[in-house]
Amino acid sequence: MFKSLLRILSFILSGTLLCGSAKAEESVFTQAMVKRSLFSVGNTQRLHKAIEKAQAGEEISMVYLGGSITEGALAKPQKTHCYAALSAQLFAEKFMPDPAKLRYHNAGISGTPSLLGITRCEQDVLSRKPDIVFIEFAVNDASDFNAQMAYESLVRKLLQSETQPAVVLVLTLLSGGYSAHVHMKQIGKHYDLGVVSVYDAIKPELDMKRMEWSDYSSDYAHPNNEGHAFIAELIGHYFDQAAATPPAEFNIPQEARYSKAMENLRNVRQGDAEIVTEGSLPFATQACYSYTQGWWHRTSVPGNDPMELHLTGRYMTLVFKQDNNESCGTAEVWVDGQLATTLPGHSPTAWGQPVVQLIDLGENAPHTIKILMAEPDAAKYFNLLDIAYAGE
């Protein structure tokens, strides 16, 4: 499989990018764009450690965490032609004597922000014992304080994890020009990370009319095959430059650039002491992307007794499944006796995806949380996928 993927990558790059042929010279994707994309090579100590491990013939774990661009939307075939798969294979081609020892995992989920990324970090990223992690949330994140806090806390959580992976930021953009790249670059600079900016590569070309958005994407956000191959080429350029940059000692700054309030986010699992009672939300098998278990309310479950949790923290995240199905209802979340928020299990624009809700608990103190169905929806379905909390 790995050799066939490398042949696919070679074919794509030779036809659309920078391989020296007459056809490549006509491409809108130029060498200047590739060079411009590297906002920062960052501290290379951790990447060099991964490269040395790879060159020694050991297994390498690479995880890509992000939204639909990372998942591979519009790439055909999606699993093999998304930028994540292509760039992982570039790493294998450049540094691994035996590409079969590459352990590549795509943890992209469409329509999701870094708040969901940090909530599922333990389950979908750290459980893979990664050597290298790419983060791509620039088109799904807002640019407010909560988004900055979630993104920076995610970066810190990864950097401080057991395997001490190299963390690389990938910054994309929408057709209208939106990208959360500004604060993400500041975070990358603060932690001296590798930062690959698709925004910096493409935006000037669009502004100067040297390329059309359709050269890169056939909708408002998602790269076509040429676009995915281009992002892979940008990451390949990062690999080359980082490999050529001597490593220096890497230290994680103690102070945050924006906020690290969620860096110690802890997931609540079935049987944990925080759960006083499940009420009418028993634990069961689920089916929602990488979520295979959780708590659910069903019409077959009598009553509408609240799930009750006791926890100490400042912030809480709740992940629930949202579907375009009117049999799915809304749950209420009560914090210390006050209605804090509602979780709408139904939306006419949903496709069965996980949705995350951030709750500011007010103080880093003990809290009583109750979750139950809104009274009009007590006979409807609801899927609670994940519970997590963090203290400052």
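Just so it is clear, the model here is predicted, and its values are computed rather than measured. (Residues numbered from 1 in each chain as written. Predicted model: local features only at pLDDT ≥ 70, side-chain atom pairs only at ≥ 80, totals over all residues. Heavy atoms only, no water.)

Topic: empty space enclosed by the protein
Right, so step 1: Counting across every chain of the model gives one cavity of 30 Å³ or more.
Right, so step 2: Each pocket or cavity is described by its volume, and for the largest cavity that value is around 100 Å³.
Right, so step 3: Grouping the amino acids of the lining of the largest cavity by side-chain chemistry returns nine nonpolar, four polar and two charged. (1 Å grid on protein atoms, 1.4 Å probe; cavity = no way out; pocket = protein on both sides within 12 Å on 5 of 7 lines; lining within 4 Å. Points joined across faces, edges and corners; volume = space filled by probe spheres on them. Nonpolar A, V, L, I, M, F, W, Y, C, P; charged D, E, K, R; others polar.)

What to know about helix α4 (residues 45–55)
Right, so step 1: Buried within α4 we find Arg46, Leu47, His48, Ala50, Ile51 and Ala54.
Right, so step 2: Where α4 terminates, the next one or two residues include Gly57, which has phi positive at roughly 85 degrees. (Buried < 20%, exposed > 50% of the residue type's maximum accessible area, 1.4 Å probe, protein only. Helix = DSSP H or I, 4+ residues; strand = E, 2+ residues; numbered from the N terminus.)

Some details on the environment of Arg210
Right, so step 1: Looking at the element boundaries, Arg210 is found in the loop between α12 (198–207) and α13 (213–216).
Right, so step 2: In this structure Arg210 comes out as partly exposed when scored by relative accessible area, which is 47%.
Right, so step 3: In contact with Arg210, other than residues within four places in its own chain, are Val28, Pro204 and Glu205. (Contact = heavy atoms within 4.5 Å.)

Observations regarding the packing of α12 against helix α14 (residues 225–243)
When two helices pack together, their arrangement is given by the angle between the helix axes and the distance between those axes.
Right, so step 1: The interhelical angle for the contact between α12 and α14, taken along N-to-C directions, is 125 degrees, at an axis separation of 10 Å. With respect to their mutual orientation, α12 and α14 come out oblique. Touching Val198, Ala201 and Ile202 of α12 are Phe230, Ile231 and Leu234, all from α14.
Right, so step 2: In terms of residue class, the contact of α12 with α14 is made up of six nonpolar, no polar and no charged. (Axes fitted to C-alpha atoms, helices over the stretch in contact; angles between N-to-C directions. Parallel < 35°, antiparallel > 145°, perpendicular 65-115°, else oblique.)

Details of the side chain of Asp131
Right, so step 1: Examined against the element boundaries, Asp131 turns out to sit in the loop between α9 (121–124) and β4 (132–136).
Right, so step 2: Here Lys53 takes part through its side chain, which lies 2.9 Å from a polar atom of the side chain of Asp131. (Polar contact = N/O pair within 3.5 Å; in protein donor to acceptor, adjacent residues only side chain to side chain.)

Thoughts on the pattern of salt bridges
Right, so step 1: Applying the stated rule across the entire model yields 14 salt bridges.
Right, so step 2: Across the pair Asp200 and Lys185 runs a salt bridge, and its minimum N-O distance is 2.9 Å. Of the two residues, Asp200 is situated in helix α12 and Lys185 in helix α11 (residues 181–190); the sequence distance between them amounts to 15 residues.
Right, so step 3: Here Asp200 falls in the buried class, since its relative accessible area comes to 17%. (Salt bridge = Lys/Arg side-chain N within 4 Å of Asp/Glu carboxyl O.)

A look at the packing of helix α7 (residues 83–95) against α14
Right, so step 1: Contact pair α7 / α14: the axes reach a minimum separation of 8 Å and the direction vectors enclose 35 degrees. In the packing of α7 onto α14, the handedness of the crossing is right-handed. Note on element contacts: α14 touches α7 through His228, Ala229, Ile231, Ala232, Ile235, Gly236, Phe239, Asp240 and Ala243, opposite Tyr83, Leu86, Ser87, Leu90, Phe91, Lys94 and Phe95.
Right, so step 2: Partitioned by chemical class, the residues of the contact of α7 with α14 number eleven nonpolar, three polar and two charged. (Left-handed = near helix turned anticlockwise from the far one by under 90°.)

Describing the environment of Thr368
Right, so step 1: Structurally, Thr368 is set in strand β14 (residues 353–373).
Right, so step 2: Judged by relative accessible area, Thr368 falls into the partly exposed class, the value being 27%.
Right, so step 3: Between the C-alpha atoms of Thr368 and Leu311, which are 57 residues apart in sequence, the distance is 6.8 Å.

Section: the confidence of the model for the protein chain
Right, so step 1: Per-chain confidence: the protein chain averages 93 in pLDDT, with 94% of residues scoring 70 or above.
Right, so step 2: Predicted confidence for residues 1–24 stays below pLDDT 50, and this span has 40 contacts to residues more than four positions away or in other chains. (pLDDT = per-residue confidence, 0-100.)

Quick notes on the sheet that holds strand β3 (residues 102–108)
Right, so step 1: Read across the sheet, six strands follow the order β1-β6-β5-β4-β2-β3 without closing on themselves; strand pairing throughout is mixed. Only two strands of the sheet have a single partner each, and these edge strands are β1 (38–40) and β3. Going from strand to strand, the sheet's axes swing by 20 degrees on average, the running direction of each strand aside.
Right, so step 2: Bridging between β4 and strand β5 (residues 166–171) involves four bridges; their strand directions are parallel. Residue pairing for β5: Val133 is matched across the bridge by Val167. (Pairing = 2+ DSSP bridges.)

Remarks on the packing of aromatic side chains
Right, so step 1: Inspection of every chain in the model, using the stated rule, returns twelve aromatic pairs.
Right, so step 2: Judged by centre distance (5.9 Å) and plane angle (25 degrees), the rings of Phe320 and Phe382 are stacked. Remark: Phe382 occurs in strand β15 (residues 382–390) and Phe320 occurs in strand β11 (residues 307–322); sequence separation between them is 62 residues.
Right, so step 3: Overall, the relative accessible area of 1% leaves Phe320 in the buried class.
Right, so step 4: You can call Phe382 buried: its relative accessible area is 1%.
Right, so step 5: Aromatic rings pair up to connect Tyr64, Tyr83, Phe91, Phe95, Tyr104, Phe134, Tyr238 and Phe239 into one cluster.
Right, so step 6: Taking NZ or CZ as reference, Arg257 lies 4.5 Å from the ring centre of Tyr258, over its face. (Phe/Tyr/Trp six-rings, centres within 6.5 Å; stacked < 30°, edge-to-face > 60°. Lys NZ or Arg CZ within 6 Å of the ring centre and 35° of its normal.)

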